Amino acid sequence: QVQLVESGGGLVQAGGSLRLSCAASGMIFSIYAVGWYRQAPGKQRELVATFTSGGRTDYADSVKGRFTISRDNAKNTVSLQMNSLKPEDTAVYYCAATPPLSNKPYWGQGTQVTVSS
């Protein structure tokens, strides 16, 4: 079955960097749209960045210029490079993969990112 496993979260000071990775299995990875979402305490899950199967990327306004999403279809991985981190970036970050012609993504278990001021 489809499985997504995130890694790379942790505690970092404001201004620092982290790189999240998500390893996918059980799917033809290259045809899926993939993305990163986050959920802060008391808030709804929100989109951070997406990468379509066709190569298009999109970012939330709050992370543009600081975060970069990438994917490696040969390794079935999607990554999120996060630079210039801010305390408001603190959240659980989730990897998601959506199959073609579907609006229902598969989710990873999440990884905690904490940015201290």
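For the structure itself, consult the block above.
Residues numbered from 1 in each chain as written. Predicted model: local features only at pLDDT ≥ 70, side-chain atom pairs only at ≥ 80, totals over all residues. Heavy atoms only, no water.

## Side note on the pattern of salt bridges
Evaluated as defined, the whole model comprises five salt bridges. For Arg-38, the salt bridge identified is with Glu-46, shortest N-O distance 2.7 Å. When its relative accessible area of 37% is taken as the criterion, Glu-46 is described as partly exposed. Notably, a salt bridge pairs Arg-38 with Asp-89, separated by 2.9 Å at the nearest N-O pair. (Salt bridge = Lys/Arg side-chain N within 4 Å of Asp/Glu carboxyl O. Buried < 20%, exposed > 50% of the residue type's maximum accessible area, 1.4 Å probe, protein only.)

## Things to note about the environment of Arg-38
Among the secondary structure elements, Arg-38 is positioned in strand S4 (residues 33-39). With ten residues separating them in the primary sequence, Arg-38 and Val-48 have C-alpha atoms 6.6 Å apart. Setting aside anything within four residues of it in sequence, one finds Arg-38 in contact with Gln-44, Arg-45, Glu-46, Val-48, Ser-62, Val-63, Phe-67, Glu-88, Asp-89, Ala-91, Val-92 and Tyr-93. Side-chain polar atoms of Arg-38 contact the side chain of Asp-89, separated by 2.9 Å. Side chain to side chain, Arg-38 and Tyr-93 meet in a polar contact 2.9 Å long. (Helix = DSSP H or I, 4+ residues; strand = E, 2+ residues; numbered from the N terminus. Contact = heavy atoms within 4.5 Å. Polar contact = N/O pair within 3.5 Å; in protein donor to acceptor, adjacent residues only side chain to side chain.)

## Details of the sheet that holds strand S3 (residues 18-25)
The strand order S1-S3-S8-S7 describes an open sheet built from four strands, whose pairing is antiparallel. Sheet topology places strand S1 (3-7) and strand S7 (67-72) at the edges, where each strand pairs with a single neighbour. Strand-to-strand twist in this sheet, taken as the mean axis angle between neighbours without regard to direction, amounts to 15°. (Pairing = 2+ DSSP bridges. Axes fitted to C-alpha atoms, helices over the stretch in contact; angles between N-to-C directions.)

## A look at the pairing of strand S11 (residues 111-116)
Burial along S11 is one-sided: Thr-111, Val-113 and Val-115 are buried, and none of Gln-112, Thr-114 and Ser-116, which face the opposite way, are. With four bridges connecting them, strand S2 (residues 10-13) and S11 associate as parallel partners. Each residue of the ladder has a partner; that of Val-12, found in S11, is Val-115. In terms of strand pairing, strand S9 (residues 91-98) meets S11 through three bridges, oriented antiparallel. Within S11, the position partnered with Ala-91 by the bridge is Val-113.

Distances and angles like these do not, on their own, reveal function.
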